[in-house]
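# Chain and residue survey
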Protein chains: 4
Amino acid sequence: MTKEIIREMKERVFQANLQLPNWGLVKLTWGNVSEINRELGVIVIKPSGVDYQAMTAEQMVVVDLDGNPLEKSYRPSSDLPTHVYLYKHFANIKAVVHTHSTNAVAWAQAGRSLPVYGTTHADTFYGEVPITRHLTSEEVIEAYEWNTGKVIVETFENQNLDPLAIPAVLVNGHGPFTWGTTTQKAIENNLVLDECCQMAQMTEAVRSNAEKLPQYVLDKHYYRKHGVNAYYGQN
Amino acid sequence: MTKEIIREMKERVFQANLQLPNWGLVKLTWGNVSEINRELGVIVIKPSGVDYQAMTAEQMVVVDLDGNPLEKSYRPSSDLPTHVYLYKHFANIKAVVHTHSTNAVAWAQAGRSLPVYGTTHADTFYGEVPITRHLTSEEVIEAYEWNTGKVIVETFENQNLDPLAIPAVLVNGHGPFTWGTTTQKAIENNLVLDECCQMAQMTEAVRSNAEKLPQYVLDKHYYRKHGVNAYYGQN
Amino acid sequence: MTKEIIREMKERVFQANLQLPNWGLVKLTWGNVSEINRELGVIVIKPSGVDYQAMTAEQMVVVDLDGNPLEKSYRPSSDLPTHVYLYKHFANIKAVVHTHSTNAVAWAQAGRSLPVYGTTHADTFYGEVPITRHLTSEEVIEAYEWNTGKVIVETFENQNLDPLAIPAVLVNGHGPFTWGTTTQKAIENNLVLDECCQMAQMTEAVRSNAEKLPQYVLDKHYYRKHGVNAYYGQN
Amino acid sequence: MTKEIIREMKERVFQANLQLPNWGLVKLTWGNVSEINRELGVIVIKPSGVDYQAMTAEQMVVVDLDGNPLEKSYRPSSDLPTHVYLYKHFANIKAVVHTHSTNAVAWAQAGRSLPVYGTTHADTFYGEVPITRHLTSEEVIEAYEWNTGKVIVETFENQNLDPLAIPAVLVNGHGPFTWGTTTQKAIENNLVLDECCQMAQMTEAVRSNAEKLPQYVLDKHYYRKHGVNAYYGQN
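Attention here is on the structure that accompanies the text. (Residues numbered from 1 in each chain as written. Chains lettered and ligands numbered in written order. Predicted model: local features only at pLDDT ≥ 70, side-chain atom pairs only at ≥ 80, totals over all residues. Heavy atoms only, no water.)

Further remarks concern the overall build of chain A. Helix and strand content of chain A: 7 helices and 6 strands. Along chain A, helices and strands appear, N-terminal first, in the series α-β-β-β-α-β-α-α-α-β-β-α-α. Against the compact-globule benchmark of 18 Å for 235 residues, chain A has a radius of gyration of 18 Å, which places it among compact chains. Once the C-alpha set of chain A is aligned to its principal axes, its extents read approximately 55 × 45 × 35 Å. The buried share among the 235 residues of chain A stands at 60%. A sequence separation of at least 24 residues applies to 65% of the contacts in chain A between residues at least 6 apart. Total accessible area on chain A is roughly 9000 Å²; 49% of this is exposed by carbon and sulfur atoms. One finds the centroid of the 20 positive side-chain charges in chain A at a distance of 3 Å from the centroid of its 26 negative side-chain charges. (Helix = DSSP H or I, 4+ residues; strand = E, 2+ residues; numbered from the N terminus. Rg over C-alpha atoms; globule rule 2.2 N^0.38 Å. Buried < 20%, exposed > 50% of the residue type's maximum accessible area, 1.4 Å probe, protein only. Contact = heavy atoms within 4.5 Å. Areas by Shrake-Rupley, 256 points an atom, 1.4 Å probe, with all protein chains shown as cover. Lys, Arg positive; Asp, Glu negative; His and termini not counted. Charge placed at Lys NZ, Arg CZ, Asp CG, Glu CD.)

This is the structure:
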């Protein structure tokens, strides 16, 4: 039973990792997806630096909630401690995705949070997607990946943001992390973030002082897709 | 007979919806196409939030001219009231298309109408593609999608524009709606609009004070493809 | 014999027309390729406004050197008079190509000739790709397509340019025309022009006062591929 | 034995050359890859100006360490002397790649070295990717391709750069050369360089005074993938 659940997790994590290059969000091996099952105490994540063409579902790495290996297998993605930290502090997320998608990286490198310029953004993110501070030299040396998770969570806490309402962050000088209540949602959020970053850059190119979307339109678009009064889709 | 006509409408609307991601105009489920048959009193539109890979022609939703369902079936696209409003006020249009195509959204988010910089634009749109005003908070709360149709029509009326001569609009902070005398024309107009938005952005990047196309060239290009003296194509 | 030559011309023109959308230079039906056989007194050109998916080699239109039809067949591309004019005045060209490729159109709409910023440009074009003036209102009304050819030739004559050394032009507010000593070269020149337009725009974005390529590097690159001392390729 | 080694070199060089257009780094025939076997005294390089569709592994050209042909065969890439010069001066490189990839050319044409804006860059290049000076007129006339190698090596020597730590350069007004300890690494470095050039341009578009990546993050990212303490990947 547990075995079957883990097999399914591996299959989903594998498929999600393959989807990222198909969507143009990942080049070479620059991305990783994980999924958590909190009841089982299990996280499944992509192995580190394995070529996407050669990768199989079986190679996905199974670790416990602290990131310790539960099977003799491949080395997990080097970003695993960031995923673990996020799972420990964002209680309701089920999957984490990291990429170096071109447009989101550009905003991360620019050190800017992503403004809400339109409904494409509002349909998925209830407000600006925040930018983290840089890690300090000490944080980098001590535990780089773990502390990457720490500055993400700190950013949400300091700005009083709900990680389910804004399931994405731009890590300063690095790139995007997204998450979600399903693995599918988490990779879709990565796609939406990259697309909104591209749209926002072009918006500013077309008009340097572009207006933000009015709050009441943001409310409308977000809540027609999320929450108890949502009426988008078939459910 | 009627049944056969509706089956054909469903097939055309289905194929048009599939064409949009193939042309790069739609990501995930961000688009919708509808077609009207005014004699039969029927509109066919994409179901809301259904994955393009899983979608079938049979799932297209059939409603009456006020948007009321005529079959027990899927929930229609949440943008249906906008389509209904446009069909009620733009007498001769047969299809409506909405996307979040990247370049057109950038202009919509910038709150700018699209200037006529060249013949690519003039071949399809007889003048600037207008930008709407933002909806008011009251309009959003009262009936968001219906009032989106209202501000589009208001924009055409206030500027005295012919919706058949300029079969496209940029909704402020949102994105493009296009239409046409056939479903094929309506989706092509969406493609042309997005392409012209990209070209215009690059034109301004290359020369900040780029000149508009002279009116007599606009006239020439538009009328060699449209109207009684058209001589482009095989008809 | 003549019949066989024309059949081969049709096949080449057909294949070249198909290549343009594959290279991303043409959307919908926005492009046309022709080829001339001066000995036979024959030009073969794409039919007007025919969908690329449905098009066949047999449908290519055969006209004489003044553009008069030699077969009962499809209507030729509406840009045929431009092609005819170019063949009459540029003695050694064998094929003409017109597209609305995105990047070249952006420069054409900006009304700027394309500066020589690098060797990619110099490998194909021996100097700036010129921009034409706008046609006058009278020229447009009198014979738009014919006079488009006229302003292109006028541009080359006024600036004393060799159409074989710079086999391309940007028509102001419109887009690129390219040509060549073979049909293959003519479509490749269209690709190179569009690519150089993209590179030049990005060059200026990265450095607003970018330097032009030194003349001696331009000489070197152009002449290692062209003329009696060329040493690129296998011939 | 030697014959088998050379056959395998040809196959790798052939596959690497094909990979470049698949990754969007090469249009037409604008690129070349070579590989060296210093023990055998052999370099294998792409033939000059051969169409990628028609090219076979057998056609790869075998030359000695001075670039003299070792087989009666095709003419080697005209850039061969640049490759030879690099192999003579960069002791530990095994492969060299040259392309005209769009984004890297834009930076080369702008005459700018590529700043380190983020971790995507730091994962592969330990510092700015340098720009060369222009060749002098004399250098171009005397031995253009050989002297292109010379200015590359001069750039690394003058700035005291390690070609294994920064396996890439932008040749002023021309484009990128990259190299590596394997042929696969060398072509991947070309991809990374182009991607980082695109990201950097967009970073500056989004924020004109974007900060460089802190040195301690650069150190961290570079050394988690390179050197004795690397912990990325499966080895």
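There is more to say, and it comes next.
Before going further, it helps to spend a moment on the relation of the copies chain B and chain A. Superposition of chain B onto chain A requires a rotation of 90° combined with a translation of 0.0 Å along the rotation axis, giving an RMSD of 0.0 Å. When the rotation and shift are considered jointly, the pair of chain copies conforms to a four-fold rotation axis. Relative to the rotation axis, the C-alpha of Ala205(B) is the closest in chain B, positioned 5.6 Å from it. (Least-squares fit on C-alpha atoms with pLDDT ≥ 70 in both.)

Quick look at the interface of chain B and chain A now. With 33 residues of chain B at the interface, the matching set in chain A holds 33 residues. Interface of chain B and chain A: buried area, both sides summed, is about 2900 Å²; carbon and sulfur atoms make up 56% of it. For chain B, the biggest contributors to the area lost against chain A are Trp30(B), Arg75(B) and Gln109(B); these three give 21% of the whole. The tally of links between chain B and chain A comes to 3 salt bridges. Close ionic contact of Lys27(B) with Glu195(A) constitutes a salt bridge, the shortest N to O distance being 3.3 Å. The interface formed by chain B and chain A includes 15 residue pairs in polar contact (both at pLDDT 80 or more). Of the residues belonging to the side of chain B that touches chain A, the class tally is 12 nonpolar, 15 polar and 6 charged. (Buried area = accessible area lost by both parts, 1.4 Å probe. Salt bridge = Lys/Arg side-chain N within 4 Å of Asp/Glu carboxyl O. Polar contact = N/O pair within 3.5 Å; in protein donor to acceptor, adjacent residues only side chain to side chain. Nonpolar A, V, L, I, M, F, W, Y, C, P; charged D, E, K, R; others polar.)

Attention shifts here to the side chain of Arg224(B). Relative to the helices and strands, Arg224(B) resides in helix H7 (residues 215-225). In this view, Arg224(B) contacts Ala230(B), Tyr231(B), Tyr232(B), Ser78(C), Asp79(C), Tyr144(C) and Glu145(C); residues no more than four positions away in its chain are not counted.

This part is about the side chain of Thr102(A). Considering the arrangement of structural elements, one finds Thr102(A) in helix H3 (residues 102-110). At 2.6 Å, the side chain of Thr102(A) forms a polar contact with the side chain of Glu195(D).

Now for the sheet that holds strand S3 (residues 61-63) of chain A. Backbone-to-backbone hydrogen bonds pair the strands of a sheet. The strands run either parallel or antiparallel. Residues and elements named next belong to chain A. Across the sheet, 6 strands lie side by side as S3-S2-S1-S4-S6-S5; this open sheet has antiparallel pairing. Edge positions in the sheet fall to S3 and strand S5 (168-171), since each of these pairs with one other strand and no more. Averaged over all adjacent pairs, the angle separating strand axes in this sheet is 20°, with direction ignored. In the sheet, strand S1 (residues 31-37) pairs with strand S2 (residues 42-45) via 4 bridges, with the strands oriented antiparallel. Paired with Ile-36 across the strands is Ile-43, a residue of S2. Relative to S5, helix H5 (residues 137-158) is tilted by about 120°, and along the sheet it contacts S5 and strand S6 (175-180). Across the sheet, helix H6 (residues 183-206) lies against S1, strand S4 (95-99), S5 and S6, angled at about 145° from S6, the strand it touches most. (Pairing = 2+ DSSP bridges. Axes fitted to C-alpha atoms, helices over the stretch in contact; angles between N-to-C directions.)

Turning our eyes to something else, we now look at the environment of Val44(D). All names here are of chain D. Tracing the backbone shows Val-44 in strand S2 (residues 42-45). Using a relative accessible area of 0% as the deciding quantity, one classes Val-44 as buried. Note: C-alpha distance between Val-44 and Lys-10 (34 residues apart in sequence) is 6.4 Å. Aside from chain neighbours lying at most four places away, what touches Val-44 is Met-9, Lys-10, Val-13, Val-33, Ser-34, Glu-35, Met-60, Val-61 and Val-62.

Turning next to the interface of chain C and chain D. Interfaces are often sized by the accessible area lost when the parts come together. On the side of chain D, 33 residues touch chain C, which itself brings 33 residues to the contact. Here chain C and chain D share an interface that buries about 3000 Å² over both sides, 56% of which is from carbon and sulfur atoms. The largest contributions to the chain C side of the interface with chain D come from Val206(C), Tyr216(C) and Gln234(C), which together make up 22% of the buried area. A salt bridge links Arg224(C) to Glu145(D); the shortest N-O distance between them is 2.6 Å. On inspection of chain C and its partner chain D, the count reaches 16 residue pairs in polar contact (both at pLDDT 80 or more). Here the element with the most residues in the side of chain C that touches chain D is helix H6 (residues 183-206) of chain C; it accounts for 11 residues. Here the side of chain C that touches chain D is built from residues that sort into 16 nonpolar, 9 polar and 8 charged.

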